[in-house]
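Residue-level structural notes
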Amino acid sequence: MGRPRGFDEAEVVRSAAELFAGRAYDGVSIDDLVTHLGLHRNSLYKTFGSKRGLYLAALRWSLEHDVAPLIDRVARAAGPGEGLREALSPPGGGAGLDLLLLAAVERAPVDAEVAELVTRTLDALDAATAVPEDGPGDPGDPDAGPGALAVALTSAVLGLRIRARAGAPGADAERACDALGRRLATR
């Protein structure tokens, strides 16, 4: 019979998600994980198999516990402007979106499993930001199509999160949400 675990696996995964959201996969070493999580290297490998195994567990945790509730709030929002505000506000609008963004640009191009998780999450965010007027439009128009506006709104959310991460003032996001909300209200 093996020794019982001396750590809370769920807490380790949550803490790893925060670390990966701040520094990305390639910016986090095994030594960083061991130090930050307070685990022994052998425990990390025995429980998660590899750094990638822990990363996938952390990404799934973040998508389920940070991003999915955010998507639900966006879907219930009264309109696009409010939906954008919901998407950018904690919980979920910080570290959850940060990990999603980093996964999309860093890991998805080289890891099919990460790409599938990211794509599924972006599709759910698109569905949450969809507005009734966003129909199929003119088939000859490359900007038209099912969900074109929803994809644009999702892209705005992610772009605003990138700006916030780079240090843009929160007022920038507020003004952008107001402007988009007003513009969409006049459609």
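These remarks concern the structure in this document. None of the values given here were measured: they were computed from a predicted structure.

What the rule picks out here adds up to three aromatic pairs. Between the aromatic rings of Phe20 and Tyr25, the centroid separation amounts to 6.1 Å while the plane-to-plane angle is 15°, which identifies the pairing as stacked. The class for Phe20 is buried, based on a relative accessible area of 0%. An aromatic cluster is present here, built from Phe20, Tyr25 and Tyr55 joined pairwise through their rings. Directly above the ring of Tyr25 sits Lys51, whose terminal nitrogen or CZ lies 4.2 Å from the centroid.

Let us look at the nonpolar core. Buried together is how nonpolar side chains tend to be arranged in soluble globular proteins. Counting residues in hydrophobic clusters, the biggest one holds 51 residues, and the most contacted among them are Phe20, Leu33, Leu54, Tyr55, Leu59 and Val114. With eleven residues, the single largest contributor to this core is helix H4 (residues 51-76). Other than its neighbours up to four places away in sequence, Val114 contacts Tyr55, Leu56, Leu59, Ala103, Arg107 and Ala108.

Looking now at unusual backbone geometry. Backbone geometry places Ala24, a non-glycine residue, at a positive phi of 70°. Here Ala24 lies in the loop between helix H1 (9-23) and helix H2 (30-37). Taking relative accessible area as the criterion, Ala24 reaches 9% and is therefore assigned buried.

Bringing the side chain of Arg107 into the picture now. Looking at the secondary structure, you find Arg107 in helix H6 (residues 95-107). Discounting chain neighbours no more than four positions away, the residues touching Arg107 are Tyr25, Asp26, Tyr55, Leu102 and Val114.

All right, on to the packing of H1 against H4 then. Two elements in contact, H1 and H4, have axes separated by 8 Å at closest approach and are oriented at 90°. As judged from the angle between their axes, H1 and H4 are roughly perpendicular. Touching Val12, Val13, Arg14, Ala16, Ala17 and Phe20 of H1 are Lys51, Leu54, Tyr55, Ala57, Ala58, Trp61 and Ser62, all from H4. The residue makeup of the contact of H1 with H4, split by class, is ten nonpolar, one polar and two charged.

So, about the side chain of Ser15. Assignment of secondary structure puts Ser15 in helix H1. With residues near it in sequence (within four places) discarded, Ser15 still touches His36 and Leu37.

What follows deals with H4. Relative to the 38 Å expected for 26 residues at 1.5 Å per residue, H4 spans 36 Å between its end C-alpha atoms, a close match to the ideal helical length. Largest kink in H4: about 35°, centred on Val67, with the proline Pro69 one to four residues after it. Between the side-chain oxygen of the N-cap and the backbone nitrogen of Arg52 there are 3.3 Å, and the N-cap of H4 in question is Ser50.

Next up on the list: the packing of H1 against H2. It is at 10 Å that the axes of H1 and H2 come closest, and there the two elements cross at 130°. By the criterion of interaxial angle, the relationship of H1 to H2 is oblique. Both H1 and H2 take part in a crossing whose hand is right-handed. Packed against H1, whose contacting residues are Val12, Ser15, Ala16, Leu19, Phe20 and Arg23, the element H2 presents Asp32, Leu33, His36 and Leu37 at the interface. Of the residues that constitute the contact of H1 with H2, the class distribution is six nonpolar, two polar and two charged.

Parameters and conventions
Residues numbered from 1 in each chain as written. Predicted model: local features only at pLDDT ≥ 70, side-chain atom pairs only at ≥ 80, totals over all residues. Heavy atoms only, no water. Phe/Tyr/Trp six-rings, centres within 6.5 Å; stacked < 30°, edge-to-face > 60°. Buried < 20%, exposed > 50% of the residue type's maximum accessible area, 1.4 Å probe, protein only. Lys NZ or Arg CZ within 6 Å of the ring centre and 35° of its normal. Core = buried A, V, L, I, M, F, W, Y, C linked by side-chain atoms within 4.5 Å. Helix = DSSP H or I, 4+ residues; strand = E, 2+ residues; numbered from the N terminus. Contact = heavy atoms within 4.5 Å. Axes fitted to C-alpha atoms, helices over the stretch in contact; angles between N-to-C directions. Parallel < 35°, antiparallel > 145°, perpendicular 65-115°, else oblique. Nonpolar A, V, L, I, M, F, W, Y, C, P; charged D, E, K, R; others polar. Expected span 1.5 Å × (residues − 1). Bend = angle between axes of the 7 residues up to and from the residue. Polar contact = N/O pair within 3.5 Å; in protein donor to acceptor, adjacent residues only side chain to side chain. Left-handed = near helix turned anticlockwise from the far one by under 90°.

Function cannot be inferred from these measures alone, as they are strictly geometric.
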